[in-house]
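Report on the structure
Given next are the chains, with one letter for each unit.
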Amino acid sequence: LTMMKMQGSLLFLLPIVAFCFSQPKVFGTRPHISQRGNGLPHLSDDATTVWNRMRQERSQASSSCTLQSSPIDISANGVVGSSSSSEGKKGSIFYDYDKPILLVGSSSSPDNGELMRLASYLQNNKDVFRTQNPRIIVPASVGVSTNDDNVLVVENEKLLEELRNDDAMKTYQWPDIVVVDLNGVDGSESSDLVRSLYQDAGLLSIYVNVEPTDDAARDDSEQKVKEEQEKNFFLPFSDYELCIRNEGIPNGGSPSKTDFDWEHVEWELTRLLARARLIPALPGDKTRSTNSAHLTMGDHTFFLSLSFPDIREVKQYAAQMCADVDAMEYRTDLLDCRDSRFDILYGMQLLRSYCRPNAVRVPGVPLAGSVIEDVMPIVYTVRTQNQAGTYPDDEEGIEKMFQMLEWGLRGGVEVLDAESAWDFVLTNNLLKLAESRYSSQILGSHHVVNEQVTTEDAVMLFEQCALNGRAHGAKVVLSIESEEKDRMAYEAALIAAELAREEGSPVIPHISLILGDVGQFSRIINLPFTPVTHESLPNKAAPGQLTAMEIMTTRLLTKIFESKKYAILGHNIAYSVSPQMQGSAFRATKLPHEYLRADVPTVEEFVESDFFKSGDFGGCSVTIPHKQAIMPYMNKLSDAAERIGSVNTVVAADEFEEEGFQRVLYGDNTDWKGIFNPLERLLGGTVDTDNDVALILGAGGTARAAAYVADKLGLQKVYFNRTPSKAADLVESFGGTLLDTLDESATEGHSLGDLLKDGETTKRLRVVISTLPAAANFELPSWVLEDKSQLPIVFDVNYKPYRTALLDQAEEAGCAVVRGSEMLWEQGVGQFELWTGRTAPYAVMKQVVLENCLEKPVLE
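This is a predicted model, so every value here is computed, not measured.

1. Digging into the pairing of strand 15 (residues 510–514)
Burial analysis of strand 15 places five of its five residues in the buried class, the great majority of the element. Side chains His510, Ser512 and Ile514 project from strand 15 onto one buried face, and the interleaved Ile511 and Leu513 project onto a second face that is buried too. Sheet analysis places strand 14 (residues 473–478) next to strand 15, joined by five bridges and oriented parallel. Counted as the bridge partner of Ala474 is His510 from strand 15. Taking the sense of rotation as the criterion, the β-α-β connection linking strand 14, helix 15 (residues 488–503) and strand 15 turns out right-handed.

2. Examining the environment of Lys800
Here Lys800 lies in the loop between strand 27 (793–796) and helix 26 (805–813). Considering only alpha carbons, one finds Lys800 and Ser821, 21 residues apart in sequence, at a separation of 7.9 Å. Lys800 has contacts with Tyr575, Val577 and Asn852, leaving out every residue within four places of it along the chain.

3. What to know about the sheet that holds strand 16 (residues 530–532)
Remark on secondary structure: sheet strands pair via backbone hydrogen bonds, oriented parallel or antiparallel. One open sheet accounts for eight strands, arranged 15-14-13-12-11-8-7-16; its pairing is parallel. At either end of the open sheet lies a strand with only one pairing partner, and these are strand 15 and strand 16. Taken over all neighbouring pairs, the strand axes of this sheet differ in orientation by 25° on average, direction set aside. With five bridges joining them, strand 12 (residues 415–419) and strand 13 (residues 441–447) adopt parallel strand pairing. Note that in strand 13 the partner of Leu416 across the bridge is Ile442. In the packing of helix 14 (residues 455–465) onto the sheet, contacts are made with strand 13, strand 14 and strand 15, and the angle to strand 14 comes to roughly 145°.

4. Digging into the packing of aromatic side chains
As enumerated under the stated definition, the model contains 22 aromatic pairs in all. Where Tyr566 meets Trp835, the ring centres are 4.9 Å apart and the plane angle is 40°; that geometry is what we call tilted. Remark: Trp835 occurs in helix 27 (residues 820–836) and Tyr566 occurs in strand 17 (residues 565–570); sequence separation between them is 269 residues. The class of Trp835 is buried, set by a relative accessible area of 9%. A cation over a ring is seen here: Arg277 above Trp174, with NZ or CZ 4.1 Å from the ring centre. The ring of Tyr802 carries Arg819 above its face, with NZ or CZ at 4.4 Å from the centroid.

5. Regarding the side chain of Glu826
Along the chain, Glu826 turns up in helix 27. The buried category is assigned to Glu826, whose relative accessible area is 4%. Within the local environment of Glu826, its side chain forms a polar contact with the side chain of Asn677, the two groups lying 3.0 Å apart. Beyond its immediate chain neighbours, meaning those up to four positions away, Glu826 contacts Lys673, Gly674, Asn677, Pro678, Arg681 and Tyr842.

6. Here we look at helix 8 (residues 262–276)
Helix length check: helix 8, at 15 residues, gives a terminal C-alpha distance of 22 Å against a target of 21 Å (1.5 Å per residue), a fit within 8%. Most of helix 8 sits out of view: 14 of its 15 residues are buried.

7. Here we look at the layout of surface pockets
To find leftover empty space, a probe the size of one water molecule is rolled over the atoms. Looking at the second largest pocket, its volume works out to about 1,200 Å³. The wall of the second largest pocket is formed by 36 residues, among which Thr131, Gln173, Thr686, Arg764 and Arg766 lie closest to the centre. When contributions to the lining of the second largest pocket are tallied by element, the ones reaching two or more residues are helix 22 (671–683) and strand 26 (764–770). Grouping the amino acids of the lining of the second largest pocket by side-chain chemistry returns twelve nonpolar, twelve polar and twelve charged.

8. Points about the packing of helix 18 (residues 578–588) against helix 27
Put simply, helix 18 and helix 27 touch, their axes get as near as 11 Å, and they point 50° apart. Relative to helix 27, helix 18 is oriented oblique. In this structure, helix 18 crosses over helix 27, and the sense of that crossing is right-handed. Counted together, Ser578, Met581, Gln582, Ala585 and Phe586 of helix 18 and Leu824, Trp825, Gln827, Gly828, Gln831, Phe832, Trp835 and Thr836 of helix 27 form the full contact between these two elements. Split into classes, the residues belonging to the contact of helix 18 with helix 27 amount to seven nonpolar, six polar and no charged.

Basis of the calculations
- Every residue gets a number counted from 1 within its own chain, in the order that chain's sequence is written.
- Per-residue local features are limited, in this predicted model, to residues with pLDDT of at least 70; the limit for side-chain atom pairs, both in listing and counting, is 80 or more; totals at the level of whole chains, interfaces and linings are taken over all residues.
- The basis for every side-chain value is the complete set of non-hydrogen atoms in the structure, without hydrogens or water.
- Exposure categories follow from relative accessible area, calculated using a 1.4 Å probe and restricted to protein chains: below 20% of the type maximum is buried, above 50% is exposed, and the middle band is partly exposed.
- The helix and strand labels rest on DSSP assignments: H or I over at least four residues marks a helix, E over at least two residues marks a strand, and numbering proceeds from the N terminus.
- Each pair of strands is called paired provided DSSP finds at least two bridges between the two strands.
- Clockwise travel from the first strand over the helix to the second, with the strands pointing away from the viewer, marks a crossover as right-handed.
- Here, two residues are considered to be in contact whenever any of their heavy atoms come within 4.5 Å of each other.
- The convention used is that axes are lines fitted to C-alpha atoms, helices contributing only their stretch in contact, and that angles between N-to-C directions extend from 0 to 180 degrees.
- Between rings of Phe, Tyr and Trp, where Trp is taken as its six-membered ring, a pair exists when centres lie within 6.5 Å; planes separated by under 30 degrees are stacked, by over 60 edge-to-face, and by other angles tilted.
- Sitting over a ring, as applied to charges here, requires NZ of Lys or CZ of Arg to be within 6 Å of the ring centre and within 35 degrees of the ring normal.
- Each polar contact in these results corresponds to two N or O atoms within 3.5 Å; when the atoms are within protein, one needs to be able to donate a hydrogen and the other to accept it, and residues that are neighboring in sequence are counted only if both atoms are side-chain atoms.
- Expected helix span is computed as 1.5 Å times (number of residues minus one).
- A pocket, in this scheme, is an open set of points on a 1 Å grid over the protein atoms alone with protein on both sides within 12 Å along at least 5 of 7 lines, while a cavity is a set where a 1.4 Å probe fits but cannot get out; residues line either one if an atom lies within 4 Å of a point.
- Grid points are joined across faces, edges and corners, and a volume is the space filled by probe spheres set on the points.
- In the scheme used here, Gly and all other residues not listed as nonpolar or charged are polar, with Ala, Val, Leu, Ile, Met, Phe, Trp, Tyr, Cys and Pro taken as nonpolar and Asp, Glu, Lys and Arg as charged.
- To sort the angles, those under 35 degrees are grouped as roughly parallel, those over 145 as roughly antiparallel, those from 65 to 115 as roughly perpendicular, and the leftovers as oblique.
- Crossing handedness: left-handed means the near helix sits turned counterclockwise from the far one by under a right angle, and right-handed means the same turn made clockwise.

Have a look at this one:
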């Protein structure tokens, strides 16, 4: 309140706060409606009547097989038909991609060689490709003079033959880089080459679009050649586009002509690769991944609507804005450069460069063995005149709008706003492109301007925005004449979500708003992904917009949202870093929760405490010795918790039943994610399920999580424990082989060496996961690390001490290693997302763990 008084916004909020207090205190978390419930909570009498009528009509229509379709009914196969579920969709072809990267374009000059510089950056970046050694491949027709042994010049036909042949894919594979720089190269043969690499070999193609300015620009003839190349094959035969002006020219060509430095160009390239290989977003998917709309568009998330005609104007406000929001809306229809593809994409790169140093609330984006931690998500929007925007909505304008949306996909946007009211064929083509080659989340949207609709119409608009099960989120913005109807959008969203659930359609985040000052209350009660302005900005993007701080303050004052208390449950846990890690995450995301220590000798003492019984209890982390003892007190258990046989995360949630909201305790286990996530990145989807082996050391609860992970990764499991009988349960629960010794061979019993050389097939030890205590000072037998071409990834779950004997041995041998500190923040990210239903601030949590785990220098 003091902050608000200083900013002069308290008086502005008083009417909203007063109005909220006059409403029933039934907003809170968006409900999961019980299957046995007699109606929806949170609905007015009029909305309840609409809900009952629509439900009855749908039931009758379903029984007679005449269920009415949404206004736009687009199935995944491109024909008008019934609703299509997201289950079973293939998703982006580049997920688990194992072929080389194709960089294609024309450098500003042979001396500057922007494409080869980018390829060299990838080749030498051991922070990204920790277990791989990329090679640069140049087709002979392009021509290159080099003495670098890591640059291979290959005849065109030989290269294409080997890339087309699946049996020969190991010759050139991810993350090798094929460079086709056509500066000064004849276009006829090159056109066929680029087409073949893209269409026949199926390479992930990034167009490096170099467009120098002024004194560094190409001459007229060179520019004409480049434009022809772009038209004929750069654009048709590429998926992503990286735009460069003078950044690759020594001294930037002219000091005033460089908007960001070369490092940001390299960063953009890695980001595009990360987006390309990201797990596909699936409508309605609630698995806790980096690319889940239920986290990106989760509760108490905000995106900031930018309304500047020149994106460079954002720079002075970036630090303040990034602290309060989770994404930036890039309103291309408001930009002066909106008809230039290069300038639109270059402007997005500029926006990202402004946000990078200030991005604190953002998730991590995995790539190979690393995580990009400073990517501010972008909502890419082309808002038309009919939809409260400025872009022309005549036939020509709509066709151009869809072209601009494709530009957004080429720029690797996180969220693509697709207006749902336009041409069926154009909409379907856009969705097919997005589903097959990109990982962007689709936000179907519709604005009703200057007219009122009924609640039933609003429900159908939400269904229209779901794009027949192909959108990941739906946004409906209504117009009303009086405040009496300022809950209409919210109630329509609730009804639409429950209808989708009952009909078996994907249930996606619904963003429900009302235009203008009269609709400000709608922004308070809309919990997912609310568009906001910022107090530092000179103008709002739309009338009635509030700041994130104003919205969160009002939600707290009116009990729409209440602070919760969390804790780590264990005994003798003064060492735990979790309070610092989770507390920092709550502060970074401006959530008013507390995280404490619950140090008790027994679980019974905890569950009898006022803390546990309080309505403020939101959940807890669970550590030794209580991970098994807490399980009987859970109402529901996740698959991971049941199979691993322990709970490390408790979530207290309110579910709506006939008699009202009831507290339900969910038991989950995120320990496995702490092991799985780093290993999945390092393995890069290259597991041979028949021959790749995971060696699991130890036999306790963490070893069970490791076995669960090995199953998920497709690795064969072998176990070793100095007391073999204790590891027998692992074999019984997860399958695999129990070793008697880690020796290279043995006359009796099972040895690791004999298992790896079993029969005619030689198996490969890909991963070693040690769950042994650091005090054991365990080391692998030297023979395991002799073959430097097939070194395993070594994972030690201990986070204190930071260094162990096993990790020191593995690092000295050249192995990629994963420390227990990484497991700690990865499982903590999973816990945060389970508790809050939104993305976790990855870099913040990682930094806190490292600050508490890294060895402090000894002062003499």
